[in-house]
Amino acid sequence: MDEKVLFALPVIISGLIAIGFAGYLARDVLRRDRGTPEMQDIAGRIFQGAIAYLNRQYRTIAVLAVVVALIMGVLIALFEEEHQIARGMITAIAFLFGAALSGLSGFIGMYVAVRSNVRTAAAARRNLGEALTVALRGGAVSGFLVIALGLLGVLGVYAAVYGFAEGIFPAVAETPFWIVGFAFGASFVALFAQLGGGIFTKAADVGADLVGKVEAGIPEDDPRNPAVVADLVGDNVGDCAGRGADLFESSAAEMIGAMILGAALFRASGGDANGAEVGFLFFPLVVAAFGLLASLAGVLVVRPPATPRDPMSELNKGYYVVAAISAVLIAVACFWMLPHGKLQYAVCGLIGIATSFAFVYITQYYTEGRYRPVQSIAQASQTGSATNIIAGIAVGFETTFLSALAIGAALLSAYYLGDSVEFPESSGIPASAGIFGTAVATMGMLMSAAYILAMDTFGPITDNAGGVVEMSDQPDAVRDVTDALDSAGNTTKALTKGYAVGTAALAAFLLFSAFLQEVARFGGADVDASVVNLAEPRVFVGGLIGAMLVFLFASLAMRAVGRAAGYMIAEVRRQFAEDPGILAGTSLPDYARCVDISVRAALREMVAPGVLAVAIPILVGVLLRWEAAAGMLMIGTIVGVLVANVLNNGGGAWDNAKKMIEAGHLKDDHGMILGKGSEAHAAAVVGDTVGDPWKDTAGPSLHVLIKLLATITLVLSPLFI
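Keep in mind that what you see is a predicted model, and the values were worked out from it rather than measured.

Conventions and cut-offs
Residues numbered from 1 in each chain as written. Predicted model: local features only at pLDDT ≥ 70, side-chain atom pairs only at ≥ 80, totals over all residues. Heavy atoms only, no water. Helix = DSSP H or I, 4+ residues; strand = E, 2+ residues; numbered from the N terminus. Rg over C-alpha atoms; globule rule 2.2 N^0.38 Å. Buried < 20%, exposed > 50% of the residue type's maximum accessible area, 1.4 Å probe, protein only. Contact = heavy atoms within 4.5 Å. Areas by Shrake-Rupley, 256 points an atom, 1.4 Å probe, with all protein chains shown as cover. Lys, Arg positive; Asp, Glu negative; His and termini not counted. Charge placed at Lys NZ, Arg CZ, Asp CG, Glu CD. Core = buried A, V, L, I, M, F, W, Y, C linked by side-chain atoms within 4.5 Å. Expected span 1.5 Å × (residues − 1). 1 Å grid on protein atoms, 1.4 Å probe; cavity = no way out; pocket = protein on both sides within 12 Å on 5 of 7 lines; lining within 4 Å. Points joined across faces, edges and corners; volume = space filled by probe spheres on them. Nonpolar A, V, L, I, M, F, W, Y, C, P; charged D, E, K, R; others polar. Phe/Tyr/Trp six-rings, centres within 6.5 Å; stacked < 30°, edge-to-face > 60°. Lys NZ or Arg CZ within 6 Å of the ring centre and 35° of its normal. Patch = residues over 30% accessible without salt bridge, like charges linked within 9 Å, V, L, I, M, F, W, Y side chains within 5 Å. Salt bridge = Lys/Arg side-chain N within 4 Å of Asp/Glu carboxyl O. Polar contact = N/O pair within 3.5 Å; in protein donor to acceptor, adjacent residues only side chain to side chain. Axes fitted to C-alpha atoms, helices over the stretch in contact; angles between N-to-C directions. Parallel < 35°, antiparallel > 145°, perpendicular 65-115°, else oblique. Left-handed = near helix turned anticlockwise from the far one by under 90°.

> For this particular structure, what's the right way to read the overall build of the protein?
Helix and strand counts for the protein stand at 20 helices and zero strands. On C-alpha atoms alone, the protein measures out to a radius of gyration of 25 Å, which is about the 27 Å that the 2.2 N^0.38 rule sets for 721 residues. Considered along the principal axes of its C-alpha atoms, the protein spans approximately 75 × 50 × 45 Å. Considering the protein as a whole, with its 721 residues, one finds that 65% of them fall into the buried category. Across the protein, contacts joining residues at least 24 apart in sequence account for 84% of those joining residues at least 6 apart. As presented, the protein carries roughly 22,900 Å² of accessible surface, and 64% of it is formed by carbon and sulfur atoms. Separation of charge centres in the protein, based on 44 positive and 60 negative side chains, amounts to 5 Å.

So this is what it looks like as structure tokens:
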């Protein structure tokens, strides 16, 4: 059998199995009890709001994507040195294909999630174990479809372009260079989906918390709060659709970048298009396919009893199974597919899996109430909002220490292991064997992406379930069940953000190396892409601009939340003032008006930072050339990873400090519980409100910004030489 077909078969089979499994899970969830008519009514409002927003958002993104595709295709056709028209057209089409699949991934995941919330709420009326199962399976639909679509999408665009690819490599190794537009399209949509969803959800959340909980003194998810439905809608469009698009583009960009690096090792191994060295090209796809199978086993293992002691322990059990199976399968892939460095690259894959564990535990330490960081913020709340905010910022800054050590250890160990592999011929690309080692580590880390995304989507499903229970006036025992799930969901959402930052760091390094390889290909003998000298003024300036872009982008994202939240606060106050019957419980608020405010604000505010993120890398590359673009990538990635850690973990710590107080775990010096309604709780709500745009808007959007910088420079590298 032809080597290409042999290696493509497990990719196709695993992708189809994952899609079939997602269909089975969706059917299992959607056939379950939907609860009382009141619960169905609330869930229907959430569903209508989420669908309405996504329809409007994706129409806006579609227009922007078509414009960018046309501009990019024209630029490549004008500045490419060879096959100009073909590469311009193929890049533009691949961009649109990647954008379409990225949007579809987010939409499907969100659709099933908003159908799962009421079923989780209904299951909570029976027992905790059933509710946990429904929520996880509802989230897993998103996880498996997103990763399977990314995997099959990359293989599909590879197969479609294979017959047109021409260059210095045989077509089998040349094709990855022609399909990088697919990764850029995925990054482009992910940026706007994550940014728009984050603005939407935090505008509603801040308005609901500050006016409802602090000013009016009503509970969270109280049906008297006009912003509560918009808040519940926002959980889905931010954490489901946004994160789905985020991990779709992570997996797609990583696979294509690793295939590009594999092309150098293909040539170093002999370059026979029909030989075993083809394994270096298809290895990233097969590893991702094996990761889907490992994640499938992890989901099936989670079968909690009716009253599990700790929901998070049940979810962790599935994750441990995924990691163990992934470790075996990546070793199998290395010994089966790679003609050189089987053992070294297998260990690199294990390093990636260990790094994912490290990020999970680092994030847990800084965001769970059991540990010192969150407890210190709760303690600081006793002396007011100012000390709460100071403590939260300090925790956020502290998180960079362990995160930087984990990323550095992973990159160095994987690089030197890979660099120890000997090849029969020089590849012409310096240190490519070592860089491929870091790529294998990234693949190992991303093997659990489907399960991680399932745990992430579990969060908004359980959050929504709690809202449905509260607004439909269910018994306290039911709310206790959803509160336990919501607590676990807050942890899983925080873990996913930490995981996304880690994968962004490793994937960005991989894509940076692929960018240098593209520069070496197109620059010829006149360009030395083996060294990027920071002492060179253009490189330094490019790095300075990259660092600045991270801070300016985060500023625009947070300012957007502030403006949108201002509109929401004014609307909630207006409704309370004009209709006293709302707080008295004798009349219903105008939920639709608040949803509309968040929709319009998100669509309006997401454009400026999104355009900035696309325009600045192009301007730097065109005006200051490839060296400056390389500096921008290096420094922008480093700063972006650290700032994203500060925002994600700092915001998560603020959130859980508030929940720790609400659960009655904070006591004063005399042993009195300082719970809901206390001054410490009011201070914690203010801190949580500051942290909301940190962890749900600016932080997650920076993951995507980092990879967008890498993919856009990779696609347009011929323009920068």
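> When you look at the nonpolar core in this model, what are you seeing that I'm missing?
The tendency in soluble globular proteins is for nonpolar side chains to be buried side by side. Counting 269 residues, the largest nonpolar core has Phe144, Phe282, Phe283, Tyr345 and Phe515 as its most contacted members. With 23 residues, the top contributor of residues to this core is helix H7 (residues 228–268).

> I would appreciate a short explanation of the environment of alanine 227 in the present structure.
Mapped onto the elements of the fold, alanine 227 is located in the loop between helix H6 (180–215) and H7. The sequence separation of alanine 227 and valine 118 amounts to 109 residues, and the corresponding C-alpha distance is 19 Å. With residues up to four places along the chain from it excluded, the contact list for alanine 227 reads Ala204, Ala208, Met568, Val572 and Cys594.

> Looking at this structure, how should I read helix H14 (residues 449–471)?
Three or four residues apart is the spacing at which side chains of an α-helix point the same way, because the helix has 3.6 residues per turn. The end-to-end C-alpha distance of H14 is 33 Å, a good match for the 33 Å that 23 residues give at a rise of 1.5 Å each. Of all 23 residues in H14, 22 are buried; the element is thus mostly enclosed.

> When you look at empty space enclosed by the protein in this model, what are you seeing that I'm missing?
Gaps left between atoms show up when a probe the size of a water molecule is rolled over them. Counting across every chain of the model gives six cavities of 30 Å³ or more. By volume, the second largest cavity amounts to about 130 Å³. What lines the second largest cavity is a set of 14 residues, among which Ser251, Ala288, Met443, Leu446 and Met447 lie closest to the centre. Of all the secondary-structure elements, those providing two or more residues to the lining of the second largest cavity are H7, helix H8 (279–301), helix H13 (432–446) and H14. Each residue belonging to the lining of the second largest cavity can be placed in one class, and the counts come to 11 nonpolar, two polar and one charged.

> Please clarify how the layout of surface pockets should be interpreted in this entry.
Taken as a whole, the largest pocket encloses approximately 1,200 Å³ of empty space. Forming the walls of the largest pocket are 42 residues, and the residues nearest its centre are Asp483, Ala484, Ser487, Lys659 and Ala663. Elements that contribute at least two residues to the lining of the largest pocket include exactly helix H9 (311–337), helix H10 (342–367), H14, helix H15 (476–523) and helix H19 (607–662). Per-element accounting of the lining of the largest pocket gives the leading share, nine residues, to H15. Residue classes in the lining of the largest pocket are distributed as 17 nonpolar, 10 polar and 15 charged.

> For this particular structure, what's the right way to read the packing of aromatic side chains?
Each pair of aromatic rings is reported with the distance of its centres and the angle of its planes. If you walk through the whole model with that rule in mind, you get 22 aromatic pairs. With 6.2 Å between their ring centres and 50 degrees between their planes, phenylalanine 182 and phenylalanine 248 make a pair best called tilted. You can see phenylalanine 182 sitting in helix H6 and its partner phenylalanine 248 sitting in helix H7, a full 66 residues away along the chain. Like phenylalanine 182, the residue phenylalanine 248 is buried in the burial classification. For arginine 115, the ring lying beneath its charged end belongs to phenylalanine 47, and the centroid distance is 4.0 Å.

> Explain unusual backbone geometry to me, please; I cannot follow it from the model alone.
The phi angle of most residues is negative, glycine excepted, and most peptide bonds adopt the trans form. Residues other than glycine seldom take positive phi values, yet arginine 625 does so here, at roughly 75 degrees. When you line up the elements, arginine 625 lands in helix H19.

> Just to check I follow, could you spell out a nonpolar patch on the surface for this structure?
On the surface, Val5, Leu9, Ile13, Ile17 and Leu293 cluster together into a nonpolar patch covering about 380 Å² of accessible area. Per-element accounting of the nonpolar patch gives the leading share, four residues, to helix H1 (residues 3–30).

> Even after reading the chapter, I still don't get the pattern of salt bridges, so can you show me in this structure?
Where side chains of opposite charge bring their charged atoms close, a pairing between them can arise. Tallied over the full model, the rule gives 26 salt bridges. Measuring nitrogen to oxygen at the nearest pair gives 2.7 Å for the salt bridge that ties aspartate 696 to lysine 695. Across the pair, exposure class does not vary: aspartate 696 and lysine 695 are buried alike. Here the salt bridges share partners, and the residues they tie into one network are Asp28, Arg31, Arg32, Asp33, Arg126, Glu130 and Arg137.

> Explain the side chain of glutamine 474 here, please?
Secondary-structure assignment places glutamine 474 in the loop between H14 and H15. Owing to a relative accessible area of 13%, glutamine 474 belongs among the buried residues under this scheme. Polar contacts involving the side chain of glutamine 474 include one to the side chain of serine 472, which spans 3.3 Å. Sequence-distant contacts of glutamine 474, defined by excluding residues within four places in its chain, comprise Thr36, Met39, Arg125 and Val469.

> So what exactly am I meant to see when it comes to the packing of helix H3 (residues 84–124) against H14 here?
Describing two packed helices takes the angle between their axes plus the distance from one axis to the other. Where H3 contacts H14, the two axes come as close as 8 Å, and the packing angle between them is 50 degrees. When the interaxial angle is binned, H3 and H14 end up oblique. Crossing hand, H3 versus H14: right-handed. Contacts between H3 and H14 pair Ala113, Ser116, Asn117, Val118, Thr120 and Ala121 from the former with Thr457, Ile461, Asn464, Ala465, Val468 and Val469 from the latter. Tallied by class, the residues present in the contact of H3 with H14 amount to seven nonpolar, five polar and no charged.

> Can you walk me through the side chain of threonine 175 in this structure?
Within the secondary structure, threonine 175 sits in helix H5 (residues 171–178). Assessed through its relative accessible area of 0%, threonine 175 is described here as buried. At a separation of 2.6 Å, a polar atom in the side chain of threonine 175 contacts the main-chain carbonyl oxygen of alanine 171. When residues no more than four places from it in sequence are discounted, the contact partners of threonine 175 are Tyr158, Val161, Tyr162 and Ala165.

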